[in-house]
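Chain by chain, the residues:
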Amino acid sequence: MAKVGTIYLVGAGPGDPELLTLRAARLIEGAGLIVHDGLVDPAILALARPDAELVSVAKSRARHTLPQDRINALLVREALAGRDVVRLKGGDPLVFGRGGEEAEAAQAAGVPVEIVPGISAANGAAAAAQIALTHRDASSIVSFVAGQCKGLTEQDWSGLAGKGRTLVIYMGVKTAPLIAEKLMEDGLAPETPLAVIENAARPQMRVLRGLLAGLPELVSRESVISPALIVIGEVTARSPADGDLALTKIALEAMQ
Ligand code: SAH
């Protein structure tokens, strides 16, 4: 029987190559074929072999370069042709990364899959901004939600934010006004503190702080761009001011 390749669903973390797992770094360095999405930092792609084939299937909110079923088909086709495929995704493959859909497609085609976890944006941003997602004095529940999804207004987020809880919103920049309105309608105090972390764990990171009622204004005044996370809860008010943050040394320079 012809050799079938393996599909590796690999988390690339939030941006800084230093935040890759050893397993991810080794797979990237050894790969002949890497299929990556737009969130993967160029410094991470620079770890690939010079002769590696790099295929971008970048997705953005406004532009779908390749629909998900085409991506699934591409991965499966290459693996069935005998090639190992490193499918590289920002953050963790199984947190808003469609890794589950790709794993199902591979399994349905009889292709072996290995999943390599990555540091999800929430963890990377929390560390870089020194925001404790949980804190014995402030929060014992943390939830990750998608701010851009089908039927945002029908989503039931009640109970996810508020006293003793931390809410982390992925993909929420465009829908920030709707999100603030929704949470306040659910009864969350307008003066609940929050932080917006743009480009976490990258050299151009910004950490912006505000209150729930001011979220739409903050996002538009500061022209917040994707990728950014919105973290809502008391823990954000305990974190140090931007000037006191020592960013992890980004490995970019070292690699050039
Ligand atoms: N699988 C990824 C999430 C993909 S969804 C993970 O586990 O992190 C894309 C969203 O992730 C972005 O819209 C943004 O909200 C968030 N994100 C990814 N990388 C980020 C970064 N470096 N800084 C801030 N947010 C980031």
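A brief report on the enclosed structure follows. Numbers given for residues are sequential positions, taken from 1 along each chain in its written order. It should be noted that, the model being predicted, local features are given only for residues of pLDDT at least 70 and side-chain atom pairs only at 80 or more, the latter also being counted only at that level, while totals for whole chains, interfaces and linings use all residues. Hydrogens and water molecules were not included; the side-chain quantities draw on all heavy atoms of the structure.

### Some thoughts on the environment of V116
Link 1 in the chain: Elements are defined by DSSP. Helices are runs of H or I of four residues or more, strands are runs of E of two residues or more, and each kind is numbered from the N terminus. Turning to its location among the elements, V116 is positioned in strand β5 (residues 113–116).
Link 2 in the chain: Relative accessible area decides the class of each residue, using a 1.4 Å probe on protein chains only: under 20% of the type maximum gives buried, over 50% gives exposed, and in between gives partly exposed. Classification of V116 by relative accessible area gives buried; the value is 2%.
Link 3 in the chain: Placed 110 residues apart in sequence, V116 and T6 show a C-alpha to C-alpha distance of 13 Å.
Link 4 in the chain: Whether two residues are in contact is decided by their heavy atoms, any of which lying within 4.5 Å being enough. Other than its neighbours up to four places away in sequence, V116 contacts L9, V10, G11, T21, R23, A24, L27 and P93.

### Overview of a negative patch on the surface
Link 1 in the chain: Candidate patch residues must exceed 30% relative accessible area and have no salt bridge, after which like charges are joined if within 9 Å and Val, Leu, Ile, Met, Phe, Trp or Tyr side chains if within 5 Å. Accessibility throughout is a Shrake-Rupley quantity obtained with a 1.4 Å probe, and a residue counts as covered only by protein chains that appear here. In the sections that follow, a salt bridge refers to a side-chain nitrogen of Lys or Arg positioned within 4 Å of a carboxyl oxygen of Asp or Glu. Neither His nor the chain ends contribute to the count of charged residues, in which Lys and Arg are positive and Asp and Glu negative. Charged groups are reduced to one reference atom each: NZ for lysine, CZ for arginine, CG for aspartic acid, CD for glutamic acid. On the surface, D156, E181, E185 and D186 cluster together to form a negatively charged patch.
Link 2 in the chain: Of the residues examined, D186 reaches a relative accessible area of 42% and is grouped as partly exposed.

### Re the site of the ligand
Link 1 in the chain: One heavy atom within 4 Å of a molecule or strand makes the whole residue count as near it. D92, V95, S120, A121 and A228 are the nearest of the 19 residues found near the ligand.
Link 2 in the chain: In this structure, an oxygen atom belonging to the ligand sits 2.8 Å away from a main-chain N or O atom of D92.
Link 3 in the chain: Polar contacts, as counted here, are pairs of nitrogen or oxygen atoms within 3.5 Å of one another; within protein the pair requires one atom able to donate a hydrogen and one able to accept it, and residues that are adjacent in sequence qualify only if both atoms are side-chain atoms. Contacts to the ligand include V95, whose backbone N or O atom sits 2.7 Å from a nitrogen atom.
Link 4 in the chain: Relative to its unbound accessible surface of 550 Å², the ligand loses 93% to contact with the protein.
Link 5 in the chain: Polar here means any residue outside two lists: the nonpolar Ala, Val, Leu, Ile, Met, Phe, Trp, Tyr, Cys and Pro, and the charged Asp, Glu, Lys and Arg; Gly therefore counts as polar. Residue composition of the shell around the ligand, by class: 12 nonpolar, five polar and two charged.

### Things to note about the sheet that holds strand β10 (residues 228–232)
Link 1 in the chain: Only strands that DSSP links by at least two bridges are regarded as paired with each other. Spatially, the five strands line up as an open sheet ordered β6-β7-β10-β8-β9, and their pairing is mixed. Each edge of the open sheet carries a strand with a single partner, namely β6 (139–146) and β9 (206–211). When strand polarity is set aside, the average angle formed by the axes of neighbouring strands in this sheet is 20 degrees.
Link 2 in the chain: Examined bridge by bridge, strand β8 (residues 193–198) and β9 share six bridges and lie antiparallel to one another. Following the sheet pairing, E198 is matched in β9 by R206. What counts as an axis is a line fitted to C-alpha atoms, over the stretch in contact for a helix, and the angles between N-to-C directions run from 0 to 180 degrees.

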